[in-house]
Amino acid sequence: MEIEKHPLEPFLPAKAKLLMLGSFPPQKKRWSMDFYYPNLNNDMWRIFGVLFFNDKDYFLNPTRKAFCRERIIDFLNEKGIALFDTASSVRRLQDNASDKFLEVVEATDIPAMLRRLPECKAIVTTGQKATDTLRQQLDVEEPKVGDYSEFVFEKRAIRLYRMPSSSRAYPLALDKKAAAYRIMYQDLQLLP
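Residues numbered from 1 in each chain as written. Predicted model: local features only at pLDDT ≥ 70, side-chain atom pairs only at ≥ 80, totals over all residues. Heavy atoms only, no water.

Structural notes on the environment of K56
Logical step 1: Residue position: K56 is located in the loop between helix 1 (44-53) and helix 2 (69-79).
Logical step 2: With 19 residues separating them along the chain, K56 and F75 place their C-alpha atoms 15 Å apart.
Logical step 3: For K56, the residues in contact, after removing those within four places along its chain, are W45, R46, G49, V50 and L174. (Helix = DSSP H or I, 4+ residues; strand = E, 2+ residues; numbered from the N terminus. Contact = heavy atoms within 4.5 Å.)

Here it is, written out as structure tokens:
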């Protein structure tokens, strides 16, 4: 089976306070833009739109067939939110984006990434595969979905938030996903 290398560079704003980690991007044939959470069947950018702009379509481009990468990047830089995934290379056991059918071949070096983000105070994982892969590297208790655990990384207190998946395959309505994320963003003082 073919091994896929991660197709994107880590997005690491210098002043990032939050590191968001998924497991691995879907196949490029499913992408609507060349960035994280790239397919229209993922609600992550809708969640951000609801929370920060009261508009689930805020990050859609004018054709409404893709998300606006530049608008997303400007927003993430302004808020101090970094993005990557917990796997740097994988095997897809089926022709889909489901974590259930991803075999992690090489995990991302999360401690090295945290060293590049000296102001980072929290990590959020958006799925079980991402949470499991991260916990193989860091000594942190697994939080319940919608909650967090605290741990110390090289004398720095960090929270690990476990949020609901933003995939539309995850059986939770957009408003309920947004409500869970709202609590986290308020805790981190990124949302008024």
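Once you've had a look at it, read on.
With respect to the sheet that holds strand 5 (residues 102-107)
Logical step 1: Overall, antiparallel pairing links the three strands, which are arranged 1-4-5 in an open sheet. Pairing within the sheet leaves two strands with one partner each, and these edge strands are strand 1 (3-5) and strand 5. Averaged over neighbouring strand pairs, the angle between their axes works out to 30° when direction is ignored.
Logical step 2: Pairing of strand 4 (residues 87-92) with strand 5, which is carried by five bridges, proceeds in the antiparallel orientation. Each residue of the ladder has a partner; that of S89, found in strand 5, is E106. (Pairing = 2+ DSSP bridges. Axes fitted to C-alpha atoms, helices over the stretch in contact; angles between N-to-C directions.)

Topic: helix 4 (residues 128-135)
Logical step 1: Taken residue by residue, helix 4 has A130, T131, T133 and L134 as its buried positions. Along the axis of helix 4, the buried residues cluster in a sector spanning 165°; they form a single face.
Logical step 2: As for helix 4, its buried residues are in contact with strand 2 (18-22), strand 5, helix 3 (110-115), strand 6 (122-125) and strand 8 (156-162). (Buried < 20%, exposed > 50% of the residue type's maximum accessible area, 1.4 Å probe, protein only. Arc of directions from axis to C-beta.)

Points about the pattern of salt bridges
Logical step 1: All chains considered together, the criterion is met by twelve salt bridges.
Logical step 2: With its nearest N and O atoms 3.6 Å apart, the salt bridge here joins D57 to K56.
Logical step 3: The class for K56 is partly exposed, based on a relative accessible area of 42%.
Logical step 4: In this structure, E150 engages R159 in a salt bridge whose closest nitrogen and oxygen atoms are separated by 3.4 Å.
Logical step 5: The class of E150 is exposed, set by a relative accessible area of 57%.
Logical step 6: Sharing partners across several salt bridges, the network here consists of D43, R46 and K177. (Salt bridge = Lys/Arg side-chain N within 4 Å of Asp/Glu carboxyl O.)

Looking at the nonpolar core
Logical step 1: Of all hydrophobic cores here, the largest spans 55 residues; its most connected members are W45 and Y185.
Logical step 2: Element by element, the count of residues in this core is highest for helix 1, at six residues.
Logical step 3: When near neighbours in sequence (up to four residues on either side) are disregarded, W45 contacts M33, F35, Y36, Y37, K56, F59, F67, I72, L76 and L83. (Core = buried A, V, L, I, M, F, W, Y, C linked by side-chain atoms within 4.5 Å.)

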